[in-house]
Amino acid sequence: MLPEQVPARTAAARRRRLMVAQQAIVRRKNAERIGQTAEVMVESPVEGQRNSWVARLRRQAPEVDGVTIVTATGRRFRPGELVTVRYTGYTGYDLQAAP
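Residues numbered from 1 in each chain as written. Predicted model: local features only at pLDDT ≥ 70, side-chain atom pairs only at ≥ 80, totals over all residues. Heavy atoms only, no water.

1. Considerations on the pattern of salt bridges
To keep things clear, this is the line we draw: When a carboxyl oxygen of Asp or Glu lies within 4 Å of a side-chain nitrogen of Lys or Arg, that pair is called a salt bridge. Here a strand is any run of E in DSSP of at least two residues, a helix any run of H or I of at least four, and the numbering for each starts at the N terminus.
Summed over the entire model, instances satisfying the criterion amount to three salt bridges. Across the pair E39 and R58 runs a salt bridge whose closest N-O atoms are separated by 3.1 Å. Of this pair, E39 sits in strand 1 (residues 37-45) while R58 sits in the loop between strand 2 (52-56) and strand 3 (68-71), and the two are 19 residues apart along the sequence. One salt bridge in this structure joins R56 and E43, with 2.6 Å as the shortest N-O distance. Pair noted here: R56 is in strand 2 and E43 is in strand 1, with a separation of 13 residues, a long-range link.

This is how it looks when you write it as structure tokens:
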């Protein structure tokens, strides 16, 4: 441990508080997006779901941010395809949308 480093227990408690605050911010921002439209890039089908696709907004970085799950009955997309969607909801860090 470095001389000025806080104990592991204190660091863990601070991290938990930070994550709770971050989750509240994400929930608020995601709730504000419901009903709005945006262009997303389709990445791949959602494994195990017939009409759902993983897509990303320009601001959603892989392995850092959540994703946008696009649900479109009767429609197929290609990876890399740009699609305009309307946000319909969210779950945790991920947004839900439909074309």
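What follows picks up the thread again.
2. Description of unusual backbone geometry
Located in the positive-phi region is E63, a residue other than glycine, with phi close to 65°. Relative to the assigned elements, E63 resides in the loop between strand 2 and strand 3.

3. Structural notes on the pairing of strand 1
Regular strands show a simple pattern: their side chains alternate between the two faces of the sheet. Filter applied, for reference: A pair of strands is labelled paired if DSSP reports no fewer than 2 bridges between them.
In the sheet, strand 1 pairs with strand 4 (residues 82-91) via five bridges, with the strands oriented antiparallel. What sits directly across from M41, in strand 4, is L82. In this structure, strand 1 lies alongside strand 2, joined through four bridges in antiparallel fashion. Within strand 2, the position partnered with V42 by the bridge is A55. What sits between strand 1 and strand 2 in their antiparallel hairpin is a turn of six residues, with G48 showing a positive phi close to 85°.

4. A word on the sheet that holds strand 4
Put simply, the rule is: To get an axis, a line is fitted to the C-alpha atoms, and for a helix only the part in contact is used. The angle between two axes follows their N-to-C directions and goes from 0 to 180 degrees. Between two residues, a contact is recorded if the distance between any of their heavy atoms is within 4.5 Å.
If you trace the five strands once around the closed barrel, you get 1-2-3-5-4, paired in mixed fashion. In this sheet, neighbouring strand axes are inclined to one another by 55° on average, regardless of whether the strands run parallel or antiparallel. Pairing between strand 3 and strand 5 (residues 94-98): three bridges, direction parallel. Among the inter-strand pairings, I69 is bridged to a residue of strand 5, identified as Q96. Here helix 1 (residues 8-33) sits on the sheet and contacts strand 4 and strand 5; the angle it forms with strand 4, its principal contact strand, is near 125°.

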